[in-house]
Amino acid sequence: MTVIETNDLTKTFGDLTAVDSLNLAIEEGEIYGFLGPNGAGKSTTINMLLDLIRRSSGSATVLGYDPEENAKKIRQRIGVLPEGGELYDRLTGREHLTWMANSKGADDDIEAMLERVGLSAEDGKRPVGEYSKGMQQRLAFGMALIGDPDLLILDEPSSGLDPTGMQEMREIIKEEADGGRTVFFSSHILGEVEAVCDRVGIMNEGRLVAEGTLDDLRGDLDLGASISVEVSDPPRASALESLDGVRGVTVRDHTVDATLTGPEAKVRVVTDLDDRTTVEDIISEDTSLEQLFNTYTGNGEANTADSGQAVESAEEAETRQEVAQ
Ligand SMILES: Nc1ncnc2c1ncn2[C@@H]1O[C@H](COP(=O)(O)OP(=O)(O)OP(=O)(O)O)[C@@H](O)[C@H]1O
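Everything quoted here is computed from the prediction, not taken from an experiment.

Colleague: An account of the sheet that holds strand 2 (residues 16-27) is requested, with residue identities and associated values reported.
Modeller: Each strand in a sheet pairs with its neighbour through backbone hydrogen bonds, running either in the same direction (parallel) or in the opposite one (antiparallel). The strand order across the open sheet formed by three strands is 2-1-4, and the pairing between neighbours is antiparallel. Because the sheet does not close on itself, it has two edges, and the strands there are strand 2 and strand 4 (57-62). Averaged over all adjacent pairs, the angle separating strand axes in this sheet is 15°, with direction ignored. When strand 1 (residues 2-13) meets strand 4, the two strands line up antiparallel, connected through five bridges. Bridged to asparagine 7 within strand 4 is serine 59.

Colleague: Mind laying out unusual backbone geometry, listing which residues take part and the relevant values?
Modeller: Phi at glutamate 156 takes a positive value of approximately 50°, unusual for a residue other than glycine. Even without glycine at this site, glutamate 205 takes up a positive phi of about 50°. Its place among the elements puts glutamate 205 in the loop between strand 8 (199-204) and strand 9 (207-212).

Colleague: So what's going on with the site of the ligand? Residues and values would help.
Modeller: Near the ligand, the surroundings consist of Phe13, Leu16, Ala18, Gly36, Asn38, Gly39, Ala40, Gly41, Lys42, Ser43, Thr44 and His188. When residues of the shell around the ligand are assigned to their parent elements, the largest contribution, three residues, is made by helix 1 (residues 42-49). Partitioned by chemical class, the residues of the shell around the ligand number four nonpolar, seven polar and one charged.

Colleague: Tell me about the confidence of the model for the protein chain, residues and numbers included.
Modeller: Chain-level statistics for the protein chain give a pLDDT mean of 85 and a share of 87% at 70 or above. Ignoring residues within four places in sequence, the model shows residues 300-325, a span with pLDDT below 50, making 27 contacts including any to other chains. In the predicted assembly, ipTM is 0.97 and pTM is 0.75.

Colleague: Now, about the environment of alanine 112: what can you tell me, with residues and values included?
Modeller: Counting through the fold element by element, alanine 112 comes out in helix 4 (residues 110-116). Once the C-alpha coordinates of alanine 112 and histidine 254 are considered, the two residues, 142 residues apart in sequence, prove to be 54 Å apart.

Colleague: For the sheet that holds strand 9, give the residues involved together with the corresponding values.
Modeller: Taken together, six strands build an open sheet; the order of strands is 5-6-7-3-8-9 and the sheet is mixed. Of all strands in the sheet, those with a lone pairing partner are strand 5 (78-81) and strand 9, marking the two edges. Neighbour-to-neighbour, the strand axes of the sheet open up by a mean angle of 15°, direction not taken into account. The pairing of strand 5 with strand 6 (residues 151-155) spans four bridges and is classified as parallel. Residue pairing in the sheet places glycine 79 in a bridge with leucine 152 of strand 6. Sitting on the sheet, helix 7 (residues 163-178) touches strand 3 (31-35), strand 6 and strand 7 (182-187), and the angle it makes with strand 7 is about 150°.

Colleague: Summarise helix 1; cite the residues concerned and give the values.
Modeller: For helix 1, the buried fraction is high: eight of the eight residues fall into the buried class. Every buried residue of helix 1 is listed here: Lys42, Ser43, Thr44, Thr45, Ile46, Asn47, Met48 and Leu49. Note on helix 1: the residue one or two positions beyond its end, aspartate 51, has a positive phi of about 60°.

Colleague: Lay out the pairing of strand 9 with the relevant residues and their values.
Modeller: Inspection of the sheet shows strand 8 paired to strand 9 by five bridges, in the antiparallel sense. For asparagine 204, the partnering residue across the bridge sits in strand 9 and is arginine 207. In sequence, strand 8 turns back onto strand 9 through a hairpin of two residues, with glutamate 205 there showing a positive phi of about 50°.

Colleague: Could you give an account of helix 3 (residues 93-104), naming the residues involved and the relevant values?
Modeller: A turn of α-helix holds 3.6 residues, and therefore any two residues three or four places apart point the same way. With 12 residues, helix 3 ought to run about 16 Å at 1.5 Å a step, and its terminal C-alpha atoms sit 17 Å apart, in line with that. Within helix 3, the full set of buried residues consists of Gly93, His96, Leu97 and Met100. Down the axis of helix 3, the smallest arc covering the buried residues is 95°, so these residues share one side. Contact partners of the buried residues in helix 3: helix 4, helix 5 (121-125) and helix 6 (133-145). Downstream of helix 3 by a residue or two, glycine 105 has a phi angle that is positive, lying close to 65°.

Definitions and cut-offs
Residues numbered from 1 in each chain as written. Predicted model: local features only at pLDDT ≥ 70, side-chain atom pairs only at ≥ 80, totals over all residues. Pairing = 2+ DSSP bridges. Helix = DSSP H or I, 4+ residues; strand = E, 2+ residues; numbered from the N terminus. Axes fitted to C-alpha atoms, helices over the stretch in contact; angles between N-to-C directions. Near = placed C-beta within 6 Å. Nonpolar A, V, L, I, M, F, W, Y, C, P; charged D, E, K, R; others polar. pLDDT = per-residue confidence, 0-100. Contact = placed C-beta atoms within 7 Å. Buried ≥ 20, exposed ≤ 12 C-beta atoms within 10 Å, placed from the backbone. Expected span 1.5 Å × (residues − 1). Arc of directions from axis to C-beta.

Written out as structure tokens, the structure is:
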């Protein structure tokens, strides 16, 4: 089942097109990371899916319902962690969770939910105005999980969390998806997205400029791969450059750095070096999500240039990579 579907979904604010003809299809059980620099249109999209703002044109369904017609039905079956949270300073953590359970007609064990999101029973009795930012975020996440939702929509879920908090949140997100729930979350924290997402969509200036698994995106851009090998007695660079799949080699002290057409050439480089000398260490890195993100969004800088700008070509991306190396 397609849990979130949008067709040419568009939102304009005056002259500004915040979301431009967006087409998404997110399937049941997927963890989908919605990425993009500041101002890319992520929150505006989420707000349209939740009927917090009205679209200008196009269509959308969430769990099969049009948000503009059936927002209540959708809200009963989804959990939302809104950007910035919606907490009341004078109410306790437990009161927030109870309020959410009541409003959804759910019978969750409130103490168990506090524990699940890393808040103690004592924390649960304190007013939220006394919580740290991270504790507030944990509570907001707990509120999203109330009522066993079919879909979680999380806007910047790790905002304010420390590394342990982020790790715990990732584990819960994975547990939810393993249980068949769909998770749609926006983030600019690339490591987090890389760690949990099945698929990512990258927004820039209101447009979806790339979408797929990380492997798909790496393949589409032909960013290749690279490897660094530490050896006892390095050969000359030219000795390796004739190997199949090797684009370039530099040798510095005991380190040989090779840029490759793809990961399959790594073994050839290591085997060749192993025949010539003693291999002491291998540092192998695939293209990181950060590199992909920068390539698709122009270094992650929100800019106001022509919003019709599409994805740069693989050749341009490659040139950029080479220049950066
Ligand atoms: N109510 C509004 N009125 C006018 N412009 C708006 C409004 N809401 C959003 N925008 C504009 O729409 C564009 C997209 O904003 P949006 O908040 O969706 O971006 P975002 O990707 O969520 O960014 P961030 O990562 O900073 O939260 C921005 O240029 C923003 O200024």
